[in-house]
Amino acid sequence: MNAPLVGARIQRKEDYRFLTGAGQYTDAIGAPAAVINAITDALGVKDVPMPATAQTVWRSLQTKAA
Amino acid sequence: MHAFEYHRPSNMKDAVALGTQKSDGRYLAGGQSLVQAMKLRLSSPSDLIDLAALGDLKALSADGGSVTIGAMVRHADVAAAPAVQKAIPALAQLAGMIGDRQVRHMGTLGGSLANSDPAADYPAAVLGLGATITTNKRKIDADKFFKGLYETALEPGELITQAAFPAPKRAAYMKFKNPASRFALVGVFVADFGGGNVRVGVTGAGACAFRQGEMEKALAQKFAPESVAGIKVKPDGLNNDLHASPEYRAHLITVMAKRAVEAALK
């Protein structure tokens, strides 16, 4: 057992991209926008209010058809 | 939860006697709606009459033409019963779709019917199949049972003992679930008994379950998804809440009916 290592401190390395939210380190920030973009693209509308529930999507389609 | 007296009668006669005497008493079946309502203090009965010891209400049987289910039979048992799966597979499927696993192992047929929650699943099958509900006093026709929001033809103290579901030629139930509660935003039960006798029961959409006559007529002419696809249901009087507007519910009735017919034909 390497018991002495448990809880041992490690040197923290900050990633500059993480700190600035650039690149692929932004997961949760980008996902909702990507989903909504996909929905607006599929529906051919400019915007869909969040949360994009089944009813919201249906309503968008109705408004567009009208 | 407010204080209440708990009774556990061992036979039907005592249960009904208690139910009739205690003016503010309630029968306790599976407790999946009543106990929740009591915890929220929406309901505060003076007495709870637990039906768990009434073995007669737990019978389930099927003969060639129908399935008879006791009031205290739990949803999970209906879903898993080979007799139901064989005679009316759509009914077994419906029971297996109710709520979540916990609800299905506690909730009962009788409790669901007596409560007449606007979004409960069983009422759609009762109307869709034209079931007969038996109480300690009489037999009630499905069409005369559901009266309104949480309102049924049951009189004070009257106790459901069983429901008999006629077996159709083909049938299916489709529901659009509320993703959180799994209650039906709209559920449609379609049953074809042959010879132009088609019934369509809708739940979740109105104050209580109801039949959709226009679709029944169209399906009696031709039992195919395209028969109902063009039917526009009027949103007047349908439920309006956080989850769906009357217009959306009206739209969902047509979509679910279409899917149910497709499923019944498979």
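Residues numbered from 1 in each chain as written. Chains lettered and ligands numbered in written order. Predicted model: local features only at pLDDT ≥ 70, side-chain atom pairs only at ≥ 80, totals over all residues.

What follows is about the overall build of chain B. When its secondary structure is counted, chain B shows 11 helices and 14 strands. Here the C-alpha radius of gyration of chain B, 18 Å, is about what a compact globule of 266 residues would show, namely 18 Å. Dimensions of chain B along its principal axes, counting C-alpha atoms only, are 55 × 45 × 30 Å. Buried positions account for 44% of the 266 residues belonging to chain B. Across chain B, contacts joining residues at least 24 apart in sequence account for 60% of those joining residues at least 6 apart. (Helix = DSSP H or I, 4+ residues; strand = E, 2+ residues; numbered from the N terminus. Rg over C-alpha atoms; globule rule 2.2 N^0.38 Å. Buried ≥ 20, exposed ≤ 12 C-beta atoms within 10 Å, placed from the backbone. Contact = placed C-beta atoms within 7 Å.)

Turning next to the pairing of strand S2 (residues 25-28) of chain B. All names here are of chain B. Pairing geometry for S2 and strand S3 (residues 47-50), over 4 bridges, is parallel. Directly across from Leu28, in S3, lies its bridge partner Asp50. With helix H2 (residues 34-39) bridging S2 and the parallel S3, this β-α-β connection has right-handed handedness. (Pairing = 2+ DSSP bridges. Right-handed = clockwise from strand over helix to strand, strands pointing away.)

Before going further, it helps to examine the sheet that holds strand S6 (residues 132-135) of chain B. Residue and element names in this part refer to chain B. Overall, antiparallel pairing links the 5 strands, which are arranged S4-S5-S10-S6-S7 in an open sheet. Lying at the two open borders of the sheet, with one neighbouring strand each, are strand S4 (60-63) and strand S7 (139-141). Within this sheet the neighbouring strands show an average axis-to-axis angle of 20°, counted without direction. (Axes fitted to C-alpha atoms, helices over the stretch in contact; angles between N-to-C directions.)

This paragraph deals with the confidence of the model for chain B. Summary statistics for chain B give a mean pLDDT of 95 and a share of 100% for residues scoring 70 or more. Two numbers describe this predicted complex: its pTM, 0.87, and its ipTM, 0.74. (pLDDT = per-residue confidence, 0-100.)

Moving on, we get to the pairing of strand S10 (residues 160-166) of chain B. Judged from the 5 bridges that link them, strand S5 (residues 66-70) of chain B and S10(B) form a sheet pairing that is antiparallel. Residue pairing in the sheet places Ser66(B) in a bridge with Pro166(B) of S10(B).

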